[in-house]
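Fold and contact review
Below are the chains, spelled out letter by letter.
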Amino acid sequence: ATPDAGNVFKDFTGDVSGTTNPLVFNMSKPVLVTAEFFHALSVTVSTNYSGLTFNLGGAHTAPFTFLQVPGQSFGVLVAANQDSGDTRNRFQQWSNGATTPSITYTVPNVTGPVSLVAEFRRDHLLHTDIAGQGTIVTFPASSDGYFLDGSTVQAQAVPKPGYVFTRWEDAV
């Protein structure tokens, strides 16, 4: 049984039945078989930063769109830490408010498409280097050198006694 666009196969009913498609059976008399289909919704699972991954019946890179029947559930899992070089991504919550990386989501009974977003906090590492004697102080302070994506950072050069600050190099 092949569903029309926007529909999904549910099951076969009648003289022979089942949820396996295709349905295989022996013909020894006249047989009535009815294929039942449901109207499905377009469901998109994504992340608030492109390129992050999740598992939904297999590994996927966001965004991923599929058809699902309202009222049915599916499980989805994101890795809580998805780092790439000097950028780290930390899972915060799902767009439905769930705060665990693994959830079972029930598709609501609505008329339009459905979206489920895994929301991450993204931080970038600030690399610093000193030529001469002194330190670099940042505002806000960071215990590990990472700063929130999109945040404003102020760097202040603090020379040791007997030294002077002359210039920034390779500044953004």
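First things first, this report covers the structure right here in the doc.

Criteria and cut-off values
Residues numbered from 1 in each chain as written. Predicted model: local features only at pLDDT ≥ 70, side-chain atom pairs only at ≥ 80, totals over all residues. Heavy atoms only, no water. Helix = DSSP H or I, 4+ residues; strand = E, 2+ residues; numbered from the N terminus. Buried < 20%, exposed > 50% of the residue type's maximum accessible area, 1.4 Å probe, protein only. Polar contact = N/O pair within 3.5 Å; in protein donor to acceptor, adjacent residues only side chain to side chain. Contact = heavy atoms within 4.5 Å. Salt bridge = Lys/Arg side-chain N within 4 Å of Asp/Glu carboxyl O.

Along the polypeptide, Thr87 turns up in strand E8 (residues 87-94). Owing to a relative accessible area of 18%, Thr87 belongs among the buried residues under this scheme. One polar contact links Thr87 to His124, side chain to side chain, over a distance of 3.0 Å. Non-local contacts of Thr87, meaning those with residues more than four positions away in its chain, are made with Arg122, Asp123 and His124.

Moving on: the pattern of salt bridges. When charged atoms on two side chains of opposite charge get close, those side chains can pair. The full count for this structure, using the stated rule, is 7 salt bridges. Between Arg88 and Asp123 there is a salt bridge whose closest N-O contact spans 3.3 Å. Residue Arg88 is found in strand E8, and its partner Asp123 is found in strand E10 (residues 114-125); the two are separated by 35 residues along the sequence. Note on Arg88: relative accessible area 17%, which makes it buried. A relative accessible area of 3% means that Asp123 is categorised as buried. Asp144 is the partner of Arg88 in a salt bridge, and the nearest nitrogen-oxygen pair spans 2.8 Å. Of the two residues, Arg88 sits in strand E8 while Asp144 sits in the loop between strand E11 (134-139) and strand E12 (146-148), which places them 56 residues apart along the sequence.

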